[in-house]
Amino acid sequence: MKVLYGIQGTGNGHLARARALVPAMRNAGIDMDFVLTGRPREDYFHMELFEGFDCYRGLSLIVERGKLKHLQTMTRNNIFEFAGDLKRLNTRNYDLVISDFEPLSAWAAKFQGTPSIGISHQKAFDYDVPKVRGYLGSRAILRTFAPTDMRLGLHWHHFNQPILPPLIEPMRPEQVVGNKILVYMGFEAVDDIVEFLKPFDNYNFLVYAKVEKETQLGHICIKPLSHTEFHRDLLDCFGVISNAGFELSSECLALGKKVLIKPLLGQYEQLCNALALQSLNRGTVIETLDHGILEKWLELPGHERILYPDVAAGIANWLKTGRQQSLQELAATMWESCDFPFTYDERFGKSLLPGIIA
């Protein structure tokens with residue numbers, strides 16, 4: 001079986017999912033090529049797993065100081081270049097195209113008649129999962145950005161829908177360092193983050209950011225992006241401060257790390273992620289870099305781990321055996337071994353309530 005795997009490269013969450021799924025697929029004897037879009041080739045790091053990947057500009061979101069810039073997003077994306085790349089990308093030699101919210105491979109498969117499957121958190125929004133009110137344009141983009149024949153949505157809870165648990169690499173938490181806090185807020189300015197953390201000198205903050213070299217500012221350490229070092233620090237930290245991306249929050253839930261999240265303003269998916277974490281009582285949400293909420297959050301204990309199943313092996317086996325199970329059957333099989341240490345509170349509805357300490 002030969003697969004073209006399209007990965008959205010704008011953030012690191014899509015790559016993190018691929019790093020979990022690709023080894024399982026290779027173990028199942030599935031041959032793969034890779035297409036990545038969303039950032040220049042030189043901005044990717046630790047890409048050995050995807051050797052020989054093709055890189056295109058694709059389509060991406062423009063963010064400044066933690067806020068989605070709609071006008072710049074519309075004007076800076078080159079639709080003519082995208083159309084040209086769409087003609088050049090040949091999917092006809094593949095048995096299947098997998099798209100992790102990657103538009104070029106998804107649309108190429110659609111136009112060329114190649115079977116396709118979307119495997120991403122974004123595909124969960126096609127179902128009845130926690131969603132904030134409004135954002136009709138964003139909802140439409142989620143439906144049409146990377147269309148596929150079949151949709152495998154991933155989320156932290158099944159919400160009584162045919163979706164799958166998070167797709168994450170196997171990890172074991174280590175002995176927690178009680179004052180070690182990991183920070184990854186890729187959509188915030190580093191100076192703003194430093195000012196946010198500066199008053200709390202009883203804690204050691206490790207801030208991963210797009211910088212050239214490590215800088216120590218008292219109890220705050222600014223570190224360059226590194227997949228290996230970041231996950232080493234994740235295993236023994238006491239808590240994580242981040243934007244509301246899906247993959248890092250999934251790893252925190254699986255490791256029992258408390259999370260403080262600031263969803264990207266105007267970004268529908270991140271706002272929905274924040275709502276879902278609140279409805280599961282598994283995260284504290286902030287709208288601004290609020291010192292008062294940070295102080296209260298730092299005093300919280302850790303969370304109980306959620307022992308999610310091996311979703312990567314389950315998907316790889318499902319693909320290898322010709323997708324004989326229906327999506328509903330696959331989802332039911334995945335969730336049956338998962339014992340939740342929390343209760344889903346439907347009363348949150350569509351209302352995000354920042355400032356609740358959890």
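What counts as what
- Residues numbered from 1 in each chain as written.
- Predicted model: local features only at pLDDT ≥ 70, side-chain atom pairs only at ≥ 80, totals over all residues.
- Heavy atoms only, no water.
- Helix = DSSP H or I, 4+ residues; strand = E, 2+ residues; numbered from the N terminus.
- Rg over C-alpha atoms; globule rule 2.2 N^0.38 Å.
- Buried < 20%, exposed > 50% of the residue type's maximum accessible area, 1.4 Å probe, protein only.
- Contact = heavy atoms within 4.5 Å.
- Areas by Shrake-Rupley, 256 points an atom, 1.4 Å probe, with all protein chains shown as cover.
- Pairing = 2+ DSSP bridges.
- Axes fitted to C-alpha atoms, helices over the stretch in contact; angles between N-to-C directions.
- Parallel < 35°, antiparallel > 145°, perpendicular 65-115°, else oblique.
- Left-handed = near helix turned anticlockwise from the far one by under 90°.
- Nonpolar A, V, L, I, M, F, W, Y, C, P; charged D, E, K, R; others polar.
- Core = buried A, V, L, I, M, F, W, Y, C linked by side-chain atoms within 4.5 Å.
- Salt bridge = Lys/Arg side-chain N within 4 Å of Asp/Glu carboxyl O.

Brief notes about the overall build of the chain
- Looking only at helices and strands, the chain features 12 helices and 15 strands.
- In terms of overall size, the chain behaves like a compact globule, its C-alpha atoms giving a radius of gyration of 20 Å where 358 residues would be expected to give roughly 21 Å.
- Across the 358 residues of the chain, 56% fall into the buried class.
- Pairs at least 24 residues apart make up 68% of the contacts formed inside the chain by residues separated by at least 6 positions.
- Roughly 15900 Å² of accessible area belongs to the chain as shown, and the carbon and sulfur atoms make up 50% of that amount.

Section: the pairing of strand β12 (residues 220-224)
- For β12, a buried count of four out of five residues is recorded, marking the element as mostly surrounded by other parts of the structure.
- Both strand β10 (residues 204-209) and β12 contribute to a ladder of five bridges, which runs parallel. Of the residues in β12, the one forming a bridge with Leu206 is Cys221.
- The pairing of strand β11 (residues 215-217) with β12 spans three bridges and is antiparallel. Its bridge partner being in β12, Thr215 is matched across the sheet by Ile222.

Observations concerning the packing of helix α1 (residues 13-27) against helix α11 (residues 311-320)
- Following both chains from N to C, one finds α1 and α11 inclined at 45 degrees, their axes separated by 8 Å at the closest point. In terms of their interaxial angle, α1 and α11 are classed as oblique. Between α1 and α11 lies a crossing whose hand is right-handed. Residue-level inspection shows Ala20, Leu21, Ala24 and Met25 of α1 in contact with α11, the latter providing Ala312, Ala313, Ile315, Ala316 and Leu319.
- Among the residues forming the contact of α1 with α11, the class breakdown is nine nonpolar, no polar and no charged.

Quick notes on the nonpolar core
- Tyr5, Met25 and Ile315 are the most contacted members of the largest nonpolar core, which has 98 residues in total.
- Excluding anything up to four places from it in sequence, Ile315 contacts Leu21, Ile119, Leu152, Leu164, Leu167 and Met334.
- The next biggest cluster of nonpolar side chains, apart from the first, holds 23 residues, and it includes Met185, Phe200, Ile222 and Ile293.

Some thoughts on the sheet that holds β11
- One open sheet accounts for seven strands, arranged β11-β12-β10-β9-β13-β14-β15; its pairing is mixed. Edge strands, defined here as strands with exactly one partner in the open sheet, are β11 and β15 (284-285).
- Lying on the sheet, helix α8 (residues 246-255) is in contact with β9 (180-184), β13 (239-242) and β14 (258-261); it crosses β13 at an angle near 170 degrees.
- The strands touched by helix α10 (residues 291-298) are β9, β10, β13, β14 and β15; relative to β14, the strand with the most contacts, the crossing angle is about 175 degrees.

Side note on the pattern of salt bridges
- Taken as a whole and assessed by the stated rule, the structure comprises 14 salt bridges.
- In this structure, Arg17 engages Glu247 in a salt bridge whose closest nitrogen and oxygen atoms are separated by 3.2 Å. Pair noted here: Arg17 is in helix α1 and Glu247 is in helix α8, with a separation of 230 residues, a long-range link. Each member of the pair Arg17 and Glu247 is classed as buried.

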